[in-house]
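Reading the structure
The lines below spell out each chain.
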Amino acid sequence: MEKETKKVTAAENAAGKTAAKEVYNKRFEKHMDELRWLYMELYDNSSMYAELCDNLHRFYEERNDDLKAIDQLREASPDWYKKNDMLGMMFYIDNFAGNMKGVESKLDYLEKSNVNYIHLMPFLDTVEGRSDGGYAVADFRKVQEKLGTMEDLESLTAACHKKNMNVCMDFVMNHTSEDHEWAKKARQGDGEYMSRYFFYEDYSIPAEYEKTVPQVFPTTAPGNFTWLPDAEHFVLTSFYPYQWDLNYKNPRVFNEMMYNFLFLANKGIDIIRIDAVPYIWKELYTQCRNLPQVHTIVRMMRMISEIVCPSVLLLGEVVMEPEKVVPYFGTVEKPECHMLYNVTTMATTWHTVATRDVKLLKQQLDVVNGLPKEYVFLNYLRCHDDIGWGLDYPSLAKDGMYERPHKQYLNDYFQGYAGDSTSRGELYNADPVTGDARFCATTASMCGIEKAGFEQDEEAMEKAIQKDVMLHAYMFMQSGIPVLYSGDEIGQVNDYSYKEDPHKAEDSRYIHRGAMNWELAENITDANTVEGKVFQRLDQLEKIRKSERAFVSNADTWTIETWDSSILCIGRYYEGEKIIGLFNFSEHDKTAWINETDGEYEDMISGNKMEARGVNIPAFGFYYLKKEF
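In this text, all values refer to a predicted model and were calculated from it rather than measured experimentally.

**A look at the sheet that holds strand E20 (residues 577-584)**
Strands sit in the order E18-E19-E20-E23-E21-E22 across an open sheet of six strands; the sheet is antiparallel. The open sheet has two edge strands with one neighbour each: strand E18 (556-559) and strand E22 (609-617). Direction aside, the axes of adjacent strands within the sheet are offset by 15° on average. Bridge analysis of E20 against strand E23 (residues 622-628) gives seven bridges, and the strand direction is antiparallel. Within the sheet, the bridge partner assigned to Leu582 lies in E23 and is Tyr623. Across the sheet, helix H15 (residues 359-369) is in contact with E18 and strand E19 (567-574); its angle to E18 comes to roughly 155°. The strands that helix H20 (residues 458-477) touches are E19, E20 and E23; relative to E20, the one it contacts most, it runs at about 145°.

The structure is reproduced here in structure tokens:
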């Protein structure tokens, strides 16, 4: 009997392997011709292509059964991430909970916060003091020791999957740290590894690059090349001197980085954020941004993902206006990224806060709403990075707001120096020559919670909380996936302690990268505290969003004229359900002169019935008005 059972089990195993092979072959055959064509167009190297294909199969076989089961579920429902139940939160592992085991112990809190998508900020091995916040990777297959191990990562992703949470990580494929194994060998003069970067014996070719390539950080890291005295060569370093740009003209670079990508996907990562996508391909006499070959590489990544790990989403970091980032979605027939950041709308939102004028924001949203509904944007108020004022200045100039003085006003406003501001924060990368600068602070501090708390002004605190909640309500109304920055759910303010750390003191971005205050987080059930007020009101909004069909990504979305410069109105419609959102960006009570004549609506916050005509909105107030047909 026992032998018979073993025979059945062996037969089942064989059948399982056959079925798995058929699944893989079907996926590979679907993409085989295009993948080969693109690879050969870029590299014309059949042996490297054959090696890539062999390794794709190997990584598929190494993928565990639980992940393969998720792959199959999501293949059957490819629009799973476009629904209205996705809410993200991003955080640094050490700031949030010490290490990966700590994060695993906080999953109940994340669940209570309605979060089902966590973005773990860079956690791969890097070198303290020259890490750029973790974006200078020294080893793509090792976790920073202070944060844990690869086994801890697998444990965390598995625990998240049991709670139906998705895990996102940064894949920094444009460059490596100078401490990476490849860079070390290149520095020693090994030609094989030098060819994986951009090395030049003298400055003649770098000088040609500098004529056309803009600088990323002209103040803190001027120029695009770094001289290495020990190697007696210049090396291309677009970001910081310790981050060496990879040469994707070398097929070995592409292959090896794809193996790193698949290795991490097999650890249970659901969403791969491709850092600095537009910079990936370099070409002399160009700006080395947004070149056609970048799209070839991202398209190949998408196909490789669909062959080996089709449940994994690609999130592109492309910092441009929505209409200009659209090419990174690819086409319906040949898609590239699944999701992109809505960066410009975020910056325009804060411009609207400072000017109390929704005109540019309305114009921006009209552009986004006019894009194909297949495109999914990630919407956010704050993230780990600074705010750059990349606004539509030609449009602003028509209203007398010119680039340099307006940037000055915005930075003055958010530092608390102008425009009756209640905001607090600091500048980053201020350039006295151009007058350009970026801004750093948490959402709560920008809304006045820090100032009101410091001054112990209860009335000001209520206004600040109202402003904070209104901005989140507006963000939830946008099409796409909303993402919170850790601490925003409890109104956490700026942390100035970074100035005491010599590794961080020069980087003001750490002002909003403070450690999660778990002592304050214990107040989320106490409606008499700032934390409780913010958390509970956001909780209500998050649950409304998850329960109402009109919040799906592919709903019809449009803006409505309010005849008041401070009030934004957004409409959403999906399968017989219509929701109108009204948002007052002013500290004064206002009236939205809308005239929706289709009858009575329900205020989803209070439950009251009302008409959507001539709606009175208190200072920093908002409405979610719903009607079913």
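Text resumes after the structure shown.
**Topic: the sheet that holds strand E17 (residues 481-485)**
The strand order E1-E2-E5-E11-E12-E13-E14-E17 describes a closed barrel built from eight strands, whose pairing is parallel. Here the strands of the sheet are splayed against their neighbours by 25° on average, with no regard to which way each runs. With four bridges joining them, strand E1 (residues 88-91) and strand E2 (residues 117-120) adopt parallel strand pairing. When the bridges of E2 are listed, Gly88 appears paired with Tyr117.

**Notes on the pattern of salt bridges**
Once their charged atoms are close, side chains differing in charge can pair, the charge on each being opposite to the other. Enumeration according to the criterion identifies 48 salt bridges in this entry. Note that Asp245 and Lys282 form a salt bridge whose closest N and O atoms lie 3.0 Å from each other. Pair noted here: Asp245 is in strand E10 (residues 243-245) and Lys282 is in the loop between strand E11 (271-274) and helix H12 (292-308), with a separation of 37 residues, a long-range link. By the burial criterion, Asp245 is buried, and Lys282 matches it. Where Asp598 meets Lys578, a salt bridge forms, and the shortest distance between an N and an O atom there is 2.8 Å. Highlighted residues: Asp598 in strand E21 (residues 590-603) and Lys578 in strand E20, separated in sequence by 20 residues.

**A few points about the packing of aromatic side chains**
Remark: the centre distance and the inter-plane angle together describe each pair of aromatic rings, the angle taken between the planes. Considering all chains together, one arrives at 41 aromatic pairs under this definition. When the centroid spacing of 6.1 Å and the interplanar angle of 65° are considered together, the rings of Tyr39 and Phe254 count as edge-to-face. With Tyr39 in helix H1 (residues 2-43) and Phe254 in helix H11 (residues 251-265), this pair connects stretches of sequence that are 215 residues apart. The pair formed by Tyr39 and Phe254 is uniform in burial state, with each residue classed as buried. A connected cluster of aromatic rings, assembled from ring pairs, spans Trp350, Trp389, Tyr409, Tyr413, Phe414 and Phe439. The aromatic ring of Trp80 is capped on one face by Arg74, whose charged end is 3.7 Å from the ring centroid.

Rules used throughout
Residues numbered from 1 in each chain as written. Predicted model: local features only at pLDDT ≥ 70, side-chain atom pairs only at ≥ 80, totals over all residues. Heavy atoms only, no water. Pairing = 2+ DSSP bridges. Helix = DSSP H or I, 4+ residues; strand = E, 2+ residues; numbered from the N terminus. Axes fitted to C-alpha atoms, helices over the stretch in contact; angles between N-to-C directions. Contact = heavy atoms within 4.5 Å. Salt bridge = Lys/Arg side-chain N within 4 Å of Asp/Glu carboxyl O. Buried < 20%, exposed > 50% of the residue type's maximum accessible area, 1.4 Å probe, protein only. Phe/Tyr/Trp six-rings, centres within 6.5 Å; stacked < 30°, edge-to-face > 60°. Lys NZ or Arg CZ within 6 Å of the ring centre and 35° of its normal.

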